[in-house]
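# Chains, contacts and geometry: an overview
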Amino acid sequence: MFYNKGMDALDRLKWLSSQMTLEPDGEPGPFDVSDGALACSRSEARRHGLIIYPAAMPNGRRIHLLKTLLSSACERDCRYCPFRAGRDFRRASFTPEEFARLFLRLYESGAAEGLFISSALAGGGIRTQDQLIETAEILRFKLGFKGYLHLKIMPGAEKAQVERAMQLADRVSINLEAPSAMRLSRLAPRKTFFNELLTRLRWVDEIRQSQPPQRGWNGRWPSSTTQFVAGGADESDLELLQASEFLYRQLNLKRVYYMGFRPIPDTPLENHPPTPPLRQLRLYQASFLLRDYGFGLEELPFEAGGNLPVGQDPKQAWAERNLSEQPIEINRAEWSQLLRVPGIGPRAAGAILQARRIHVLRDLSSLKKLGIVAERAAPYILLDGRRAPVQPALF
Ligand code: SF4
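Structural notes, computed from the coordinates. Everything numeric in this text was worked out from a predicted model, so none of it was measured. Numbering of residues starts from 1 in every chain and runs along the sequence as written. Selection of residues for local features in this predicted model requires a pLDDT of at least 70, selection of side-chain atom pairs for listing and counting requires 80 or more, and totals for whole chains, interfaces and linings are taken over all residues.

## Some remarks on the overall build of the protein chain
A tally of regular secondary structure across the protein chain gives 14 helices and 10 strands. In terms of C-alpha radius of gyration, the protein chain reaches 23 Å, essentially the compact-globule figure of 21 Å for 395 residues. The principal-axis extent of the C-alpha atoms belonging to the protein chain is close to 70 × 45 × 45 Å. Residue burial is a threshold on neighbouring C-beta atoms within 10 Å of the residue's own C-beta, all placed from the backbone, with 20 or more meaning buried, 12 or fewer meaning exposed, and counts in between meaning partly exposed. Here the protein chain holds 395 residues, and 41% of them are scored as buried. A pair of residues counts as a contact when their C-beta atoms, built from backbone coordinates, are separated by no more than 7 Å. Counted over contacts in the protein chain with a minimum sequence separation of 6, partners at least 24 positions apart contribute 66%. Put simply, DSSP H or I for four residues or longer makes a helix, DSSP E for two residues or longer makes a strand, and each gets a number counted from the N terminus. Atoms considered for the radius of gyration are the C-alpha atoms alone. The globule rule reads 2.2 Å times the number of residues to the power 0.38.

In structure tokens, the structure reads:
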């Protein structure tokens, strides 16, 4: 194992940020199918040899985000992770001051507009969290950084640290990795699901509910997210989505990510099969149905083993069972009913409500003008009392 050997600060940053495609502790890498994110390079970033990720902000704006670790030296031995202790792997590390100054140079040069920073664990969760908080404090207060900051909460961090991180960041996250204590023990036997992980997400929500948002660095509390390693613990989609529903409804998470498991050589799970990208896509689709479309878990089309059918979009599967014989009248349906129709999302449902105040919607072309994927909706709707014409599928 090499540690910072022969690497200057920029080399270390390149090395650490390149590892985020394998990333155990953060948002998905460039393969994230859920929001079409693909790693891109800005000219400044390319000049420095850095990978920069497009990231969607809460207001819909996309920014260029540098994703990195403060350190890849880890004392834990999670069974799937490239950074696990004892694995022969080049490690690199920054001090908070060193990292903050380097990042600010990149920010000022236009290479990156925001930062996502995590760390492997060294010296315990509390010490590692201190390092991340110190980095954020230097950026915000010493160097005047006003850009987007996603700060990771470490397993075992103290409540006061969680609160401090929330005062500095635009988003905080802690990865549950698995949907239950039993499943987590298969991935990370030395992590405790409730004590080290879930409790921190609970604290984030408690702090948001009980303290004024003015305590946040820009007058707002940060949003919170988590990530599961989908397929790594042989868990079912039902288990993952049950946990997701709880996190959305009870702890007000903004988003749940599903990183498809990929075996890493020289780890105990190196022979475990990778998760097919299509499973990951179905999980995201179902997760959005729970979060944004008013679906309940019991309405999702799980198969006998608790997985979603990979061959079909879950919303389409629900509509085939429920709307084929009882189509929805577009001119009278409520918002919540419109959202049940394939091809109609929240924005399109709003556009329908607006448009039908002015005129009756009678054909698919008028739906297309409202941004609706009319061919997908057609089998499940009535337009002014009539079935919409359905194009037979060629394949
Ligand atoms: S704590 Fe576990 S998942 Fe996180 S970096 Fe260390 S070995 Fe990897």
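## With respect to the packing of helix H5 (residues 159-168) against helix H7 (residues 193-210)
Note on method: axes are straight lines fitted to C-alpha atoms, helices fitted across the in-contact stretch only, with angles between N-to-C directions ranging 0 to 180 degrees. Between H5 and H7, whose axes approach to 10 Å, the crossing angle comes to 55°. Relative to H7, the element H5 is oriented oblique. For the crossing formed where H5 meets H7, the hand is right-handed. Residues Lys159, Val162, Glu163 and Met166 of H5 form the contact with H7, whose own contacting residues are Arg200, Trp203, Val204 and Ile207. Its residues assigned to classes, the contact of H5 with H7 comprises 5 nonpolar, no polar and 3 charged. Orientation labels follow simple angle bins: below 35 degrees gives roughly parallel, above 145 gives roughly antiparallel, 65 to 115 gives roughly perpendicular, and whatever is left gives oblique. Crossing handedness follows the turn of the near helix against the far one: under a right angle anticlockwise gives a left-handed crossing, and clockwise gives a right-handed one. Residues are sorted three ways: Asp, Glu, Lys and Arg are charged, Ala, Val, Leu, Ile, Met, Phe, Trp, Tyr, Cys and Pro are nonpolar, and all the rest, Gly among them, are polar.

## With respect to helix H10 (residues 314-322)
Regarding H10, the residues found buried are Pro314, Lys315, Trp318 and Ala319. Across the axial projection of H10, the buried residues extend over an arc of 135°, all falling on one side. Each element contacted by the buried residues of H10 is listed here: helix H9 (277-292). The arc refers to the directions leading from the helix axis to the C-beta atoms.

## Considering the sheet that holds strand S2 (residues 62-69)
Strand pairing within a sheet occurs via backbone hydrogen bonds; the two strands may be parallel or antiparallel. The rule for pairing is simple: two strands pair if DSSP sees at least two bridges between them. The 7 strands lie next to each other as S1-S2-S3-S4-S5-S6-S7, forming an open sheet whose pairing is mixed. Bordering the open sheet on either side are strand S1 (53-56) and strand S7 (255-260), each of which pairs with just one other strand. Sheet twist, expressed as the average angle between the axes of neighbouring strands with direction ignored, equals 30°. Direction of pairing for strand S5 (residues 171-173) relative to strand S6 (residues 223-230): parallel, over a ladder of 3 bridges.

## So, the packing of helix H4 (residues 125-142) against H5
In a pair of packed helices, the angle between the axes and the distance between the axes together describe the arrangement. As a packed pair, H4 and H5 sit with axes 10 Å apart at the nearest point and diverge in direction by 25°. Judged on the interaxial angle alone, H5 and H4 are roughly parallel. For the pair H4 and H5, the sense of crossing is left-handed. Touching Ile126, Gln129, Ile133, Ala136, Glu137 and Arg140 of H4 are Gln161, Arg164, Ala165 and Leu168, all from H5. Of the residues assigned to the contact of H4 with H5, the class counts are 5 nonpolar, 2 polar and 3 charged.

## Some words on H5
Within H5, the full set of buried residues consists of Gln161, Val162, Ala165, Met166 and Leu168. Axial view of H5: buried residues confined to an arc of 165°, hence all on one face.

## Some details on the pairing of S6
Within S6, 7 of the 8 residues are buried, which leaves the element mostly enclosed by the surrounding structure. As defined by bridge partners, S6 adjoins S7 across 6 bridges and the pair is classed as parallel. Bridge pairing links Thr226 to Val256 in S7. Orienting the strands away from the viewer, one traces the path from the first strand over the helix to the second; a clockwise path indicates a right-handed crossover. What joins S6 to S7 is helix H8 (residues 237-250), and the crossover it makes is right-handed.

## Regarding the sheet that holds strand S10 (residues 386-387)
Spatially, S8-S9-S10 is the arrangement adopted by the 3 strands of the open sheet, whose pairing is mixed. Strands at the two margins of the open sheet, each flanked by one partner only, are strand S8 (328-329) and S10. With 2 bridges connecting them, strand S9 (residues 381-383) and S10 associate as antiparallel partners. Bridged to Leu382 within S10 is Arg387.

## Considerations on the nonpolar core
In this description, a nonpolar core means buried residues of the types Ala, Val, Leu, Ile, Met, Phe, Trp, Tyr and Cys, linked to one another by C-beta atoms lying within 7 Å. Leu151 and Ala165 are the most contacted members of the largest nonpolar core, which has 83 residues in total. Per element, the largest residue contribution to this core is 6 residues, and it comes from H7. Residues within four places of Leu151 in sequence aside, it is in contact with Ile117, Leu132, Ala136, Ala165, Leu168, Ala169 and Val172. Grouped together as the second largest cluster of nonpolar side chains are 19 residues, Ile328, Ala333, Val341 and Ala377 included.

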